Amino acid sequence: MSPVVKIFASLTVAALVGCADRPPAPTAIPFVYQLQRQDDSLKGHRLRTLLDFEHESDLVFVQSSRTPMRSTVTHTGQGAMRWEAGGGSANDDSAKDASELRMRISSVLFGTRLPDTWTLLGCYVRPQLNANIGLSLFHGNTQVAQALLVAPAGQWTLLSLDLTDPTLAAHLADNSQLSLRLNVRNQSGTPIACDVDDVLLIDNSVTLLDTSAQGGWKIARRGYTTTIDAPGRFRVTAIAAAAKRDGWVLTEYNACRAVLRSDGPTKRWIIYNDGRQLRDGKMQSGTDAGRASTESHLKPADVEVEASTGQLNRHTSGDIDNDGYNEQSGAYQIKAVTPRVEVTMRPAGTPAVAPVFEISGLTPGRVSATIEGRLIQASAVLPDGRVLIVLPVRIERPTTLIIKSSPDNRS
Ligand SMILES: [Ca+2]
Ligand SMILES: [Ca+2]
């Protein structure tokens, strides 16, 4: 079945069930669109709702020593589930069942094989107090996947498990014994009440950028893994912050580089298309080009900008010695005052290999650099409007280059 057909099939099931025991909802917006409107991280992704708690009968699929109730505090639609967790402390095994909610996923799959093309399985949770929430996937009595989340009080937050992990395949193949178990505790470990809505399958597979046919790279996300693949050159993967505390958020990507941020021990990870990688300003090299540029990262060239065209910016966050070369991003920092900037580089005892420039103030257009008669167009516009340009050259003696923005007439 095609993805489009599948979406409409799931919508039809929801609509039919909706007619069975309650009047039509006042808002006739399909749940898929309601979900995407509530959470824009789902936009463009295929979804299937397994449980939406629109009907009392949905509670049949839920087990807990404390009987869950329907709630009118909803994430979408007119109904959700309110669960008053039982007592007991985090270390009290005898109270474990009382503090755990079980949802029989096998009973709501209706023949759907997993993972198929689904990448995430999860639900929305809204704890009454700031909470540590654990969501586990069980195959029979065996826990096969777990996600942990710190969720804020009174807000709906998506908690989901990555189904793309290859170690899950054997367990998912038998989809007759799958259940989700939810555990919600406050900061001191006491089980607390929580609303639950929209138990979902999500296919978040997306190709963010693909320049591999031009010798570049492909940046794609599937489940909680972002893959950066430069065919025949290098391949790196990053696990999302949503999946683990020291995971990564992709904040910038283009044909020249990808930038990821983390709350873990390493905060910033930059990967250049030529294989250079910077982790908190420390250069790592996975390719010959990367290795060659490590030395010039440690000994950046002296850069002079012709004053009538711009200036070197010595005051950017991450430039530890205010020399205009930003160690964090591995890039020289230039402020342009005209569309044509004249830059002279003087290597400081080692060649400047594949220098990178971040330039503010350039008028929008097609950016190119000319160096010793050679025209180079490896540039990208950053989210903040600055231009990034990477020059695939090796500069061994004082050299002047012209960086120019021309009106883009291609459109
Ligand atoms: Ca609902
Ligand atoms: Ca510096």
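Residues numbered from 1 in each chain as written. Chains lettered and ligands numbered in written order. Predicted model: local features only at pLDDT ≥ 70, side-chain atom pairs only at ≥ 80, totals over all residues.

Chemist: Please explain the overall build of the protein as it appears in this structure.
Modeler: Helix and strand counts for the protein stand at four helices and 33 strands. Residues classed as buried in the protein amount to 35% of the 411 residues present. A sequence separation of at least 24 residues applies to 60% of the contacts in the protein between residues at least 6 apart. (Helix = DSSP H or I, 4+ residues; strand = E, 2+ residues; numbered from the N terminus. Buried ≥ 20, exposed ≤ 12 C-beta atoms within 10 Å, placed from the backbone. Contact = placed C-beta atoms within 7 Å.)

Chemist: How do you make sense of the sheet that holds strand β33 (residues 399-406) when you look at a structure like this?
Modeler: Strands in a sheet are paired, the pairing made by backbone hydrogen bonds, and the direction either parallel or antiparallel. As summarised here, the arrangement of the five strands in space is β21-β25-β33-β28-β29, forming an open sheet in which the pairing is antiparallel. Edge positions in the open sheet fall to β21 (302-305) and β29 (374-376), since each of these has one partner strand only. On average, adjacent strands in this sheet sit at an angle of 25° to one another, irrespective of strand direction. One ladder, built from six bridges, connects strand β25 (residues 340-346) with β33; its direction is antiparallel. Residue pairing for β33: Met-345 is matched across the bridge by Thr-399. (Pairing = 2+ DSSP bridges. Axes fitted to C-alpha atoms, helices over the stretch in contact; angles between N-to-C directions.)

Chemist: When you look at the sheet that holds strand β12 (residues 206-210) in this model, what are you seeing that I'm missing?
Modeler: With antiparallel pairing, the four strands of this open sheet are ordered in space as β12-β13-β14-β15. This sheet does not close on itself; its edge strands, each paired only once, are β12 and β15 (234-239). Between one strand axis and the next, the sheet turns through 15° on average, direction left out of account.

Chemist: Is there a simple way to explain the pairing of strand β8 (residues 142-151) in this structure?
Modeler: Remember that side chains alternate between the two faces of the sheet whenever the strand is regular. Where strand β7 (residues 131-139) meets β8, nine bridges bridge the pair, whose relative direction is antiparallel. Residue pairing for β8: Ala-131 is matched across the bridge by Ala-151. Between β7 and β8, which pair antiparallel and follow one another directly, the connecting turn spans two residues, one of which, Gly-140, has a positive phi of 65°.

Chemist: Hey, could you run me through the environment of Leu-42 in this one?
Modeler: Relative to the helices and strands, Leu-42 is located in the loop between α2 (31-38) and β1 (46-51). As for Leu-42 and Asn-204, which are separated by 162 residues in sequence, their C-alpha atoms are 7.5 Å apart.

Chemist: Looking at this structure, I do not really get the environment of Ser-308. What am I missing?
Modeler: Within the secondary structure layout, Ser-308 lies in the loop between β21 and β22 (310-312). C-alpha of Ser-308 to C-alpha of Ala-336: the two residues are 28 residues apart in sequence and 9.3 Å apart in space.

Chemist: Explain the nonpolar core here, please?
Modeler: It is characteristic of soluble globular proteins that their nonpolar side chains tend to be buried jointly. Membership of the largest hydrophobic core comes to 42 residues, with the highest contact counts inside it found for Ile-334, Val-341, Val-343, Phe-357, Ile-359, Ile-389 and Ile-403. Aside from chain neighbours lying at most four places away, what touches Ile-389 is Phe-357, Ile-359, Val-367, Ala-369, Ala-378, Ser-379 and Ile-403. One finds Leu-120, Val-125, Leu-180 and Val-199 within the second-largest nonpolar core, a separate group that totals 41 residues. (Core = buried A, V, L, I, M, F, W, Y, C linked by C-beta atoms within 7 Å.)

Chemist: Is there a simple way to explain the environment of Leu-51 in this structure?
Modeler: Looking at the secondary structure, you find Leu-51 in strand β1. Judged by local crowding, Leu-51 falls into the buried class, with 23 C-beta atoms found within 10 Å.

Chemist: Is there a simple way to think about the pairing of β15 in this case?
Modeler: As paired strands, strand β14 (residues 225-230) and β15 are joined by six bridges and run antiparallel to one another. Looking at β15, one finds that Asp-229 is bridged to Arg-235.

Chemist: Before we go on, may I ask you to explain the confidence of the model for the protein in this structure?
Modeler: Here the protein averages 86 in pLDDT, and 85% of its residues register 70 or above. Here residues 1-28 is a poorly scored stretch, pLDDT under 50, and it has 19 contacts once near neighbours within four places are set aside; other chains count. Contacts of residues 88-95 to residues separated by more than four positions or lying in other chains number ten contacts, the stretch itself having pLDDT below 50. (pLDDT = per-residue confidence, 0-100.)

Chemist: Would you take a moment to explain unusual backbone geometry for this structure?
Modeler: Note on backbone geometry: most residues besides glycine have negative phi, and most peptide bonds are trans. Note the cis peptide between Leu-114 and Pro-115, where omega equals 0°. In the Ramachandran plot, Asp-198 falls in the positive-phi region, its phi being about 50° despite a non-glycine side chain. Despite not being glycine, Asn-322 shows a phi value in the positive range, around 50°. Looking at the secondary structure, you find Asn-322 in the loop between β22 and β23 (325-326). Given 11 C-beta atoms within a 10 Å radius, Asn-322 is considered exposed.

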